[in-house]
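Coordinate analysis (summary)
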Amino acid sequence: MGSVRFEIVDGRRTRRWLVTFDRGQLSVEPARADAEADCLVRADRAVFEGLAAGKLNAVTALLRGDLVAEGDPRLLVRLQRLFPGPRSARRRAATA
Amino acid sequence: MNDGLVKILDGNTFVVSDDRGDIEASPTDPTGLFSFDTRFLSRWVLTVDGERLSSLSVDDLQYYEARFFLVPGMGTVYIDAKLSVIRQRAVAGGFHEELTLLNHSDRPVRLQVRLEAGCDFADLFEVKDALRKKGRYSADVHSRSLVLRYERASFKRATVVSATARARYDRDGLTFDVRIPAHGQWTTELHVVAEGQGGVLDARDPKRALERMRRNLERWIDAAPRLECDWGPLRRTYRRSLVDLAALRFSPPITGGRSLPAAGLPWFMTMFGRDSIFTSLQALPFTPELAATTLRALGDWQGARSDDFRDEDPGRILHEMRYGEMTAFEERPHSPYYGAVDATPLYVVLLDEYERWTGDRSIVRELEHEARAALAWIDDYADLQGTGYVWYRRRNEESGLENQCWKDSWDSISFRNGKLPGFPRATCELQGYAYDAKVRGARLAREIWKDAELADRLELEAADLKRRFNRDYWVEEGEYFALALDPSGKQVDSLTSNNGHLLWSGIVDKSKAKAVARHLLGERLFTGWGVRTLAAGEARYNPIGYHTGTVWPFDNSFVAWGLRRYGFKDEAATIAAGILEAAEFFDGRLPEAFGGYPRAQTKYPVQYPTACSPQAWSTGAPLLFLRTMLGLEPEGEHLVVDPALPSEIGRLELLDIPGRWGRIDAFGRGRVEVRRSR
């Protein structure tokens, strides 16, 4: 359980969304600048688009400084699972 | 045995210097101040009036603290000791050094004291592989500090050097003009702080952090069971293990300050799936909290998608996590890298073993999803050949690992004739771990998750795996288990220490165990100190081959545990005695590996040349040997004690063993006569 405030920086504008998780249930709503959250994630729009398309990895974006995060880092680690991975030739094994 | 380097550390921040306290790192040399896999000081050289100093002595105060006694001059025959210099340093919220000069003459002196500071901001991977940097360097000289900077696109790192005494700062360091009265002294504190993306990497107040670390180390030692024993070397080894394990604790940013065992100093101060799990298993009867943190942190990072670069699959447990520049720019896959095939089944093994000891059912419920995903990974993603076994083949051909089992060097998996098999490979111990994971997963499913259907299925699968394994891996003429299957299903027929891990996992048919035990204590595998990774007589056998003939204390601790599981108490005690006697030669600190020469030939264990030390699973080995020798086994709500100790140990008491029973004492008396010649 937890909540993350996303701040999507688009030029001079910043869009904010509050994502709340509760045991697999997920809700998304627009957020005010002072909305309380366990974790804050801020990046340029292009970075978020890359993450959503599976072209960028949240962890390396964070290490490079392209993504800024504050608050509970455990939540951030769990959150980055939501983003798709890159294309992979990999499928489940035949016996599955 | 000593490389002449002085190392202090706190988590993944560490300082490695020479015995004067100086750092003069070459690009390939692992000295310097490191934090989060990045070097933040590569040059730190003290001079007095332009002259270097020489070392009289070094005190290793604690793992995070050291003191150097120095005099001017460079080791000539006669030292004019009118002046002495004390450098006391610690790692806690950065790197701190208290520099004191003592004037022993009856006249005041004027001196110029200089510290040269420089930094290459090398990624630990660059230090290992001698690679060039791609970013830009700069330096800001302020009146009270020097800031060294490195930038590559949005990636920024900086080192801030400052002192409490007045100094002149320049781009290459700082200089103090010092006047010391007759028989007087002068002191300054120096602070070096590493800055990463989000500011200071470790913002703790150094004085308070240091005080907390002191108290924490005392508490750590106090909380562990007390060992009383007639045999002095074992007492020393035990104490050394506890202190080193404290030093190897690492709090990844996601654990809220709780720690898990990192793999080793200096290269491996990070989270490794395999090493953290094995060390947590070894330390379970002594410091069970390490296992809890390991399970949670590895669960947080559990794979969620298929990513070829990182060898990631849903449910897979990570191999290695890194934070440096090459990882940030995806020149290395460690964000994290998932290329280990044993960590995932071992994750379930650790979860079950942790609950058996501690009775902490809440963590089994908390991590139910992760444990189920790990069990599903074994069947859905690891069976690359569709033959019902666990296989590995890397998908990252460029920087991934070829061998994804614990023997991960390039030539570790070979046929008797030395030929290397193709990929994928299915090494034998992986099948044992998968079997054990299914058996233990079934228990968790039945007793805690209340999922009888899953429990039944896992038990059936385990029984089927055991039956097939004992048929397909058994080398009939040699009476041991093959090291692996090659892609065509043919046995990779070398005799190896992996047989011991098979006993530990329980996958071995009772009827075959005796022959396996005979091999483990036989002339080809047992050196008199321990069990070799690869048996003498195999084509690639080499007593100083990394995974092809050396003796690994960690490996042996699991081999002995396995022997014990099948009732070979004396054999287990023999191996325990050999390794613990070897520890005496290393001041109680077992190295990663030592030479596989017969004991009678070398008289002392020959340390493997580049082994890293202290290393977590070597540090944990004596702890697991203690458990094995005392025959400690949780049974329901109780702890069963069934000792079989080598005779030279005499009386052994392990007091206040923590577990679901509260705290309990175990006693034993040495009776096993150990055969020592080889």
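**Quick word on the overall build of chain A**
- Check the secondary structure of chain A and you find three helices and five strands.
- Its helices and strands in sequence order give chain A the pattern β-β-β-β-α-α-β-α, from N to C terminus.
- Of the contacts formed within chain A by residues at least 6 apart in sequence, a portion of 53% connects residues at least 24 apart.
- In the structure as shown, chain A presents an accessible area of about 5900 Å², 49% of it carried by carbon and sulfur atoms.

**Some remarks on the confidence of the model for chain B**
- When pLDDT is averaged along chain B, the result is 93; 96% of the residues meet or exceed 70.
- The ipTM assigned to the predicted complex is 0.90, against a pTM of 0.94.

**Focus: the packing of aromatic side chains**
Residues and elements named next belong to chain B.
- Under the definition given, this model contains 39 aromatic pairs over all chains.
- When the ring of phenylalanine 14 is compared with that of phenylalanine 34, the centres are 5.0 Å apart and the planes differ by 25°; the resulting orientation is stacked. Here phenylalanine 14 is found in strand β2 (residues 13-17), whereas its partner phenylalanine 34 is found in strand β4 (residues 32-35), with 20 residues between them in sequence. The two residues phenylalanine 14 and phenylalanine 34 agree in class, both being buried.
- Ring geometry for tryptophan 552 against tryptophan 617: centres 6.3 Å apart, planes inclined by 80°, an arrangement best described as edge-to-face. Pair noted here: tryptophan 552 is in the loop between α13 (510-520) and α14 (553-565) and tryptophan 617 is in helix α17 (residues 616-619), with a separation of 65 residues, a long-range link.

**Re the interface of chain B and chain A**
- Listed as interface residues are 35 residues of chain B and, on the opposing side, 25 residues of chain A.
- Both sides of the chain B and chain A interface together cover about 2700 Å² of buried area, and 49% of this is carbon and sulfur.
- Looking at the side of chain B facing chain A, the largest losses of area belong to Asp300, Arg305 and Asp380 of chain B, adding up to 24% of the total buried there.
- Remark: the boundary between chain B and chain A carries four salt bridges.
- Arginine 74 of chain A is paired through a salt bridge with glutamate 366 of chain B; the nearest N and O atoms lie 3.8 Å apart.
- When contributions to the side of chain B that touches chain A are tallied by element, the ones reaching two or more residues are β14 (155-163), α5 (289-300), α6 (325-328) and α9 (368-380) of chain B.
- Split by residue class, the side of chain B that touches chain A holds eleven nonpolar, eight polar and 16 charged.

**A short note on the side chain of threonine 527 of chain B**
All names here are of chain B.
- Among the structural elements, threonine 527 can be located in the loop between α13 and α14.
- Taking the relative accessible area as the measure of exposure, threonine 527 reaches 0% and is therefore buried.
- There is a polar contact of 2.9 Å between the side chain of threonine 527 and the backbone nitrogen of tryptophan 529.

**As for the environment of aspartate 172 of chain B**
- Inspection of the secondary structure assignment puts aspartate 172 of chain B in the loop between β15 (168-170) and β16 (173-180).
- Leaving out residues up to four positions away in the same chain, aspartate 172 of chain B has contacts with Arg114, Leu115, Glu116 and Ala117 of chain B.

**Side note on the packing of α14 of chain B against helix α18 (residues 621-630) of chain B**
All names here are of chain B.
- Taken N-terminus to C-terminus, the directions of α14 and α18 make an angle of 15°; their axes are 9 Å apart at the nearest point. By the angle class used here, α14 and α18 are roughly parallel. Note that α14 runs across α18; the crossing there is left-handed. Contacts between α14 and α18 involve Pro553, Phe554, Asn556, Ser557, Phe558, Ala560, Trp561 and Arg564 from the first element and Ala621, Leu624, Phe625, Arg627, Thr628 and Met629 from the second.
- Tallied by class, the residues present in the contact of α14 with α18 amount to nine nonpolar, three polar and two charged.

**With respect to α5 of chain B**
Residue and element names in this part refer to chain B.
- Helix length check: α5 (twelve residues) gives 17 Å between terminal C-alpha atoms against 16 Å at 1.5 Å per residue, within 8%.
- The buried fraction of α5 amounts to ten of the twelve residues, a majority that puts the element mostly inside the structure.
- Among the residues making up α5, those that are buried are Leu290, Ala291, Ala292, Thr293, Thr294, Leu295, Ala297, Leu298, Gly299 and Asp300.

**A short note on the state of the cysteines**
- For the structure shown, the criterion picks out zero disulfides over all chains.
- Left without a disulfide partner, cysteine 428 of chain B is nearest to the cysteine sulfur of cysteine 405 of chain B, which lies 9.2 Å away.

**Notes on a nonpolar patch on the surface**
- A surface patch of nonpolar side chains, amounting to about 380 Å² of accessible area, comprises Trp17, Leu26, Val28 and Leu82 of chain A.
- Residue position: tryptophan 17 of chain A is located in strand β2 (residues 13-22).

**Quick notes on the sheet that holds strand β30 (residues 651-659) of chain B**
All names here are of chain B.
- The four strands are arranged β19-β30-β31-β29 in an open sheet whose pairing can be described as mixed. The two strands at the open ends of the sheet, each matched to only one other strand, are β19 (226-229) and β29 (645-646).
- Where β19 lies against β30, four bridges are found, and the strand directions are antiparallel. Note on β30: the bridge partner recorded for arginine 226 is leucine 655.

**Concerning the pattern of salt bridges**
All names here are of chain B.
- Enumeration according to the criterion identifies 82 salt bridges over all chains in this entry.
- Where glutamate 325 meets arginine 152, a salt bridge forms, and the shortest distance between an N and an O atom there is 2.8 Å. Here arginine 152 lies in strand β13 (residues 146-152) and glutamate 325 lies in helix α6, a separation of 173 residues in the sequence. Arginine 152 matches glutamate 325 in its accessibility class, with the two residues each being buried.
- Its salt-bridge partner being lysine 207, residue glutamate 189 comes within 3.5 Å of it at the nearest N-O pair. With glutamate 189 in strand β17 (residues 185-196) and lysine 207 in helix α2 (residues 206-223), this pair connects stretches of sequence that are 18 residues apart.
- Glutamate 189 gets classed as partly exposed once you look at its relative accessible area, which sits at 23%.
- Accessibility expressed as a relative area gives 59% for lysine 207, which makes it exposed.

Parameters at a glance
- Numbering of residues starts from 1 in every chain and runs along the sequence as written.
- Starting at A for chains and at 1 for ligands, labels are handed out in the order in which the entities are written.
- Two thresholds apply to this predicted model, a pLDDT of at least 70 for residue-level local features and 80 or more for giving and counting side-chain atom pairs, whereas whole-chain, interface and lining totals are computed over all residues.
- Calculated side-chain values reflect all of the structure's heavy atoms, with hydrogen atoms and water omitted.
- Helix and strand definitions follow DSSP, with helices as H or I runs of at least four residues and strands as E runs of at least two, each counted in order from the N terminus.
- Any two residues having at least one pair of non-hydrogen atoms within 4.5 Å are treated as being in contact.
- For the area figures, the Shrake-Rupley method with a 1.4 Å probe applies, and any residue is considered shielded solely by the protein chains shown.
- One confidence number per residue, pLDDT, is output by the predictor and ranges from 0 to 100.
- Each pair of aromatic rings taken from Phe, Tyr and Trp, with Trp reduced to its six-membered ring, is defined by centres within 6.5 Å and is described as stacked if the planes are under 30 degrees apart, edge-to-face if over 60, and tilted in the remaining cases.
- Each residue is assigned to one of three classes by its accessible area relative to the maximum for its type, calculated with a 1.4 Å probe on protein chains only: buried under 20%, partly exposed between the two thresholds, exposed over 50%.
- Buried area: the sum, over both parts, of the accessible surface (1.4 Å probe) that disappears when the two are put together.
- In the sections that follow, a salt bridge refers to a side-chain nitrogen of Lys or Arg positioned within 4 Å of a carboxyl oxygen of Asp or Glu.
- Classification convention: Asp, Glu, Lys, Arg as charged; Ala, Val, Leu, Ile, Met, Phe, Trp, Tyr, Cys, Pro as nonpolar; all other residues, Gly among them, as polar.
- As used in this structure description, the phrase polar contact means that two N or O atoms lie within 3.5 Å; if the pair is within protein, one of them must be able to donate a hydrogen and the other to accept it, and residues adjacent in sequence are counted only when both atoms belong to side chains.
- Between N-to-C directions, angles cover 0 to 180 degrees, with each direction set by a line fitted to C-alpha atoms, over the stretch in contact for helices.
- By the definition adopted for this analysis, an angle is roughly parallel if under 35 degrees, roughly antiparallel if over 145, roughly perpendicular if from 65 to 115, and oblique otherwise.
- Helix crossings get a hand from a simple test, with the near helix turned counterclockwise from the far one by less than a right angle marking a left-handed crossing and a clockwise turn marking a right-handed one.
- Under the convention used throughout, the expected extent of a helix is 1.5 Å for every residue step, that is, one less than its residue count.
- Two cysteine sulfur atoms form a disulfide, by the criterion used here, when they sit within 2.5 Å.
- Only residues whose relative accessible area exceeds 30% and that form no salt bridge enter a patch; like-charged residues are grouped when within 9 Å of one another, and nonpolar side chains (Val, Leu, Ile, Met, Phe, Trp, Tyr) when within 5 Å.
- The pairing criterion is simple: DSSP has to find at least two bridges between the two strands.

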